[in-house]
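Residues per chain, in single letters:
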Amino acid sequence: MFANLTKTAAAVIAAMVCAEGASAFVISDIRVEGLMRTEPGTVFSHLPFRSGDEYTPDQGTRAIHSLYQSGLFKDVSLTQDGDVLVVKVIERPAVATIETHGIKAFDKAGVETSLRDVGLAEGRIFDQATLDRADQELRRQYLARGYYGVKIKTTATPLERNRVRITINVDEGRASSIASISFTGNHLFDSEELLDQMQLGMPNWFSWYTKRDLYSREKLAADLETIRSFYLNQGYLDFKIDSVQVSISPNKSDVYITINMTEGEKYTIASTKLTGDLLGLDKELEALVTIQPGTVYNAEEVNAVSSALVDKLSTLGYAFATATPNPIADQEKRTVEVVYTVDPGRRAYVRRVNITGNNRTRDDVIRREVRQYESAWFDSSKVKTSRDRIDRLGYFESVTADPVPVPGTRDQVDVDIKVKERPTGSISLGAGYSTSEGVILSAGFAQNNVFGTGNSVAVDVNTSKSQRTYALSVVEPYITPEGISRSWEVYDRRVDLEELDVADVKYETLGGSLAWGIPFTEQDRVFLGGKIERTKVDANLQSPPRYQDYVARYGKDPMSVAATVGWSRDSRDNSLAPTRGVYQRLNGELGLPGMDIEYYKMTYQYQRFIPLSKTWTLAFNGEVGYGDVYGSSDMFPFFKNFYVGGIGSVRGYESGTLGPKDKNRDGDMDNLGGDRMVNGSIELLAPLPGGDRTLRIFGFLDTGYAWGYEGDDNGGYSRQRMSLGDLRYTTGVGVAWISPLGPLKFSIAFPLNEKEGDDTQRFQFQIGTGF
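All values reported here derive from a predicted model rather than from experimental measurement. (Residues numbered from 1 in each chain as written. Predicted model: local features only at pLDDT ≥ 70, side-chain atom pairs only at ≥ 80, totals over all residues. Heavy atoms only, no water.)

A few points about unusual backbone geometry
So, step 1. In the Ramachandran plot, N162 falls in the positive-phi region, its phi being about 55 degrees despite a non-glycine side chain.
So, step 2. Within the element layout of this structure, N162 appears in the loop between strand 7 (151-159) and strand 8 (163-171).
So, step 3. Of note, the phi angle at R334 is positive, near 55 degrees, even though the residue is not glycine.
So, step 4. Structurally, the position occupied by R334 is in the loop between strand 13 (322-330) and strand 14 (335-343). (Helix = DSSP H or I, 4+ residues; strand = E, 2+ residues; numbered from the N terminus.)

Structure (structure tokens):
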């Protein structure tokens, strides 16, 4: 590099000597020689003279300086041809291509970005100094990842037309693995407990996936801060990390980490105090201070109070309010007074709401979910509501909404909403053959954000013997500016219950539905609609008597017209992979009087998501259903029955098998389904490291059952009494992922109270349903 600088300096000095050697004269014309890529106008822009001006050696020196500083040329000279000034240049080569070999630890886009940041990219002017900086930057990134044995070789190969090809060959070697992590000075907590707080760790059976044993300087820094927070949350206010030693084995494959610490003494809270500008809201702000005297000092709780104070002020328009906690320790009494210094700053209003990252989704689709309006006072609660509403759309991998000061003003902010889009559509085509199903053809198309409009369209085709389906559905979330939605569906569904091991009955439903959703609050929506259906039932002598009786009572193709009503409340932070919030849904369906079947059916679902930590989420799901007939009807339509069992309800049991049964004429037990049902689940979820947030592992406890009419020994039917003793319970683990092909769930379940006659199925998977 020093040699390159020496050559450049010598060239500049030589060119200046040439420029000073030329005597003064009047320039009649300027001729530029040696250009291949650079426009002549670029050269002229660096010259301090024009045709007709008098040339002087001082002007020549300044011209050469300017041309060299442009970075476009490696040699410049000025000569005189009569009264014509000749500018001779030799251009620096341009980077034609950049080839990388052997890079596996980083993705290609990330490497290209880091090289571009130091000035090395295709099409740019080549400079050896820039290539050296790129080498050092790449080496730095490898060292930060723990690749201490990495070897990098860069080569610049000249090509025709004054271009070069950059080749970067990397021998990554093996990432250094953590052989041990040891602690000194820890008397209160053992090493195992401290290791549980860290991202880094020693190798174990799952290290191939988590990469926890691979040393990283950034991860170690974060782990040290986590350990410090752990002690502060236990009341050890004087805790400090004295030093950290990281040593590497001679073969550069093993890393040894030693953390030296001083734990100090435990402190309790003596008192709390608010100071600063409280805006006359003393009582309201003091009510947010939930820390009680006499309790152990907990930094997390102290900071939570600070956040609550800031949130309160920011809802009043103080976008950059601060509430700084200052713990004042009494080392003799081992107590601490926490003083919060409140500074609301100036009240601000929102100048503009900026939306970025939506390359496919139309701007108005996002903006209609925003509740923080422009030219209004800033309100953090409305910004949070806006972020949650946008995230619940399901179109984005991530959504952020942050206030940004407007330069040159003291009372204005912009709200910057940044989204990262995810695939919202899927197309599936499939064909198969089985001895039981024969040839199976399936096709599906679903797009939840058609042309970026926010509308949803789905087409489903399935030709299996057990369930043949032709369906088209459309959802328009905004048919009015106020947010009234409309959804409609037409379908032809045939179900062969015998193929599903339920009963020797086939039925086909041809129908359509239409519904409107009316928002009443930010979280509440009421649905009103209707559906019309004609169901053709094929029952034979092998069918359970109740199905035969149904056909005899209502005919083979009864028609029903039903009114539908529903209500939902959704406060989840995300519809695809929620970590907090509540979702409730109540649906009702009423077969109108005067039709072939007069019935009603209701379902209620409740979901709650509780964040236990940054990683783990506890989820509750409960669902109940009830159906019956009224008027002249005396048999609830079996094709409206509830079925319990399977991955969508009680995992570990075969689909639809938890409920009343009846013996067919062959002596086999058929599953009838029920007109009442209960489902319940508890899940503990965590995202898998390295995947998107929808890829999660979970443990679960399921329960449920369906009650209806069960066959008796006399060939008749009696309505079952609901009993909690009928509930089945299972537990297990699984994986869920919102994949490009649709929602996927895999589970392994273990029944806890299996009874005689139950159909169990330990391993189950399903595509297209969610929790």
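What follows continues from the structure just given.
Looking at the packing of aromatic side chains
So, step 1. Inspection of the entire model under this criterion finds 23 aromatic pairs.
So, step 2. For the ring pair F25 and Y55, a centre distance of 5.4 Å and an interplane angle of 40 degrees mean the geometry is tilted. Note that F25 is positioned in strand 1 (residues 25-26) and Y55 in strand 3 (residues 54-55), a separation of 30 residues in sequence.
So, step 3. Between Y599 and F636, the ring centres sit 6.4 Å apart and the planes meet at 80 degrees, which makes this aromatic pair edge-to-face. Highlighted residues: Y599 in strand 27 (residues 599-611) and F636 in the loop between strand 28 (617-629) and strand 29 (661-663), separated in sequence by 37 residues.
So, step 4. Using a relative accessible area of 1% as the deciding quantity, one classes Y599 as buried.
So, step 5. Under the relative-accessibility criterion, F636 is labelled buried at 6%.
So, step 6. Every member of this aromatic cluster is reached through a ring pair, and the members are F189, F230, Y231, Y236 and F239.
So, step 7. In this structure, R493 is placed above the aromatic ring of Y491, and the distance from its NZ or CZ to the ring centre is 4.5 Å.
So, step 8. Here the guanidinium or amino end of R651 rests over the ring plane of F700, the centre of that ring lying 4.0 Å away. (Phe/Tyr/Trp six-rings, centres within 6.5 Å; stacked < 30°, edge-to-face > 60°. Buried < 20%, exposed > 50% of the residue type's maximum accessible area, 1.4 Å probe, protein only. Lys NZ or Arg CZ within 6 Å of the ring centre and 35° of its normal.)

Some words on helix 4 (residues 108-117)
So, step 1. The complete set of buried residues in helix 4 reads V111, S114 and L115. Along the axis of helix 4, the buried residues cluster in a sector spanning 100 degrees; they form a single face.
So, step 2. Buried positions along helix 4 lie against strand 6 (94-101), helix 5 (128-144) and strand 8.
So, step 3. In the stretch just after helix 4, G119 is the one whose phi turns positive, near 100 degrees. (Arc of directions from axis to C-beta. Contact = heavy atoms within 4.5 Å.)

As for the pairing of strand 17 (residues 412-421)
So, step 1. Burial within strand 17 is extensive, with seven of its 10 residues counted as buried.
So, step 2. Note that strand 15 (residues 349-356) and strand 17 share seven bridges and pair parallel. By the bridge assignment for strand 17, I355 is matched with I417.
So, step 3. Pairing of strand 16 (residues 396-405) with strand 17 involves nine bridges; the strand directions are antiparallel. Among the inter-strand pairings, S398 is bridged to a residue of strand 17, identified as K420. (Pairing = 2+ DSSP bridges.)

Here we look at a nonpolar patch on the surface
So, step 1. Together, L612, W616, L684, I697, V733, V735, F746, I748, F750, F763 and F765 line one region of the surface with nonpolar side chains, adding up to about 970 Å² of accessible area.
So, step 2. Taken together, the elements giving at least two residues each to the nonpolar patch come down to strand 35 (728-739), strand 36 (742-751) and strand 37 (763-767).
So, step 3. When residues of the nonpolar patch are assigned to their parent elements, the largest contribution, three residues, is made by strand 36.
So, step 4. Among the secondary structure elements, L684 is positioned in strand 31 (residues 676-687). (Patch = residues over 30% accessible without salt bridge, like charges linked within 9 Å, V, L, I, M, F, W, Y side chains within 5 Å. Areas by Shrake-Rupley, 256 points an atom, 1.4 Å probe, with all protein chains shown as cover. Salt bridge = Lys/Arg side-chain N within 4 Å of Asp/Glu carboxyl O.)

Some points on the sheet that holds strand 6
So, step 1. The strand order across the open sheet formed by three strands is 6-8-7, and the pairing between neighbours is mixed. Of all the strands in the sheet, the pair left with one neighbour each is strand 6 and strand 7. For this sheet, the mean angle separating the axes of adjacent strands, direction not counted, is 15 degrees.
So, step 2. As paired strands, strand 6 and strand 8 are joined by seven bridges and run parallel to one another. (Axes fitted to C-alpha atoms, helices over the stretch in contact; angles between N-to-C directions.)

Side note on the sheet that holds strand 2 (residues 29-33)
So, step 1. Spatial strand order, 2-5-4: three strands in an open sheet with mixed pairing. Lying at the two open borders of the sheet, with one neighbouring strand each, are strand 2 and strand 4 (73-81). Mean inter-strand twist for the sheet, computed between neighbouring axes without regard to direction, equals 20 degrees.
So, step 2. In this structure, strand 2 lies alongside strand 5 (residues 84-91), joined through five bridges in parallel fashion. Across the sheet, residue R31 finds its bridge partner in strand 5, namely V86.
So, step 3. Taken strand by strand, helix 3 (residues 57-69) contacts strand 4 and strand 5, and its axis lies near 155 degrees from that of strand 4.

Here's the deal with the side chain of Q141
So, step 1. Topologically, Q141 is positioned in helix 5.
So, step 2. Using a relative accessible area of 16% as the deciding quantity, one classes Q141 as buried.

Concerning the pattern of salt bridges
So, step 1. One pass over the structure, following the stated rule, counts 38 salt bridges.
So, step 2. Between R62 and D58 there is a salt bridge, with the nearest N and O atoms lying 3.6 Å from each other. Linking R62 with D58, this pair stays in helix 3, spanning four residues, or about one helical turn.
So, step 3. Among the salt bridges present, the one from E589 reaches K531, with a minimum N-O distance of 3.5 Å.

Here's the deal with the nonpolar core
So, step 1. Of all hydrophobic cores here, the largest spans 23 residues; its most connected members are L274, L285, Y297, L309, L313 and Y340.
So, step 2. For this core, the secondary-structure elements that each account for two or more residues are strand 12 (268-276), helix 10 (299-314) and strand 14.
So, step 3. Broken down by element, the residue count for this core peaks at five residues, all from helix 10.
So, step 4. Among the nonpolar cores identified, the runner-up in size contains 22 residues, and I98, V118, F126 and Y147 belong to it. (Core = buried A, V, L, I, M, F, W, Y, C linked by side-chain atoms within 4.5 Å.)

Thoughts on a negative patch on the surface
So, step 1. There is a patch of like negative charges on the surface, built from D190, E192, E193 and D196.
So, step 2. Within the secondary structure, D190 sits in the loop between strand 9 (177-184) and helix 6 (191-195). (Lys, Arg positive; Asp, Glu negative; His and termini not counted. Charge placed at Lys NZ, Arg CZ, Asp CG, Glu CD.)

Let's talk about the side chain of D414
So, step 1. Structurally, the position occupied by D414 is in strand 17.
So, step 2. A polar contact of 2.7 Å, which involves the side chain of D414, links it to the side chain of R351.
So, step 3. Side-chain polar atoms of D414 contact the backbone nitrogen of R352, separated by 3.2 Å.
So, step 4. Dropping the residues within four chain positions of it, D414 is found in contact with R351, R352, N354, D402, P403, V404 and V406. (Polar contact = N/O pair within 3.5 Å; in protein donor to acceptor, adjacent residues only side chain to side chain.)

Section: the confidence of the model for the chain
A low pLDDT score tells you not to read the predicted coordinates there in detail.
So, step 1. Per-residue pLDDT for the chain averages 86, and the proportion of residues at 70 or more is 90%.
So, step 2. Taken as a whole, residues 1-21 scores under 50 in pLDDT and shows 22 contacts with residues more than four places along the chain or in a different chain.
So, step 3. The low-confidence segment residues 432-438, where pLDDT is below 50, has 12 contacts with residues more than four positions distant or belonging to other chains. (pLDDT = per-residue confidence, 0-100.)

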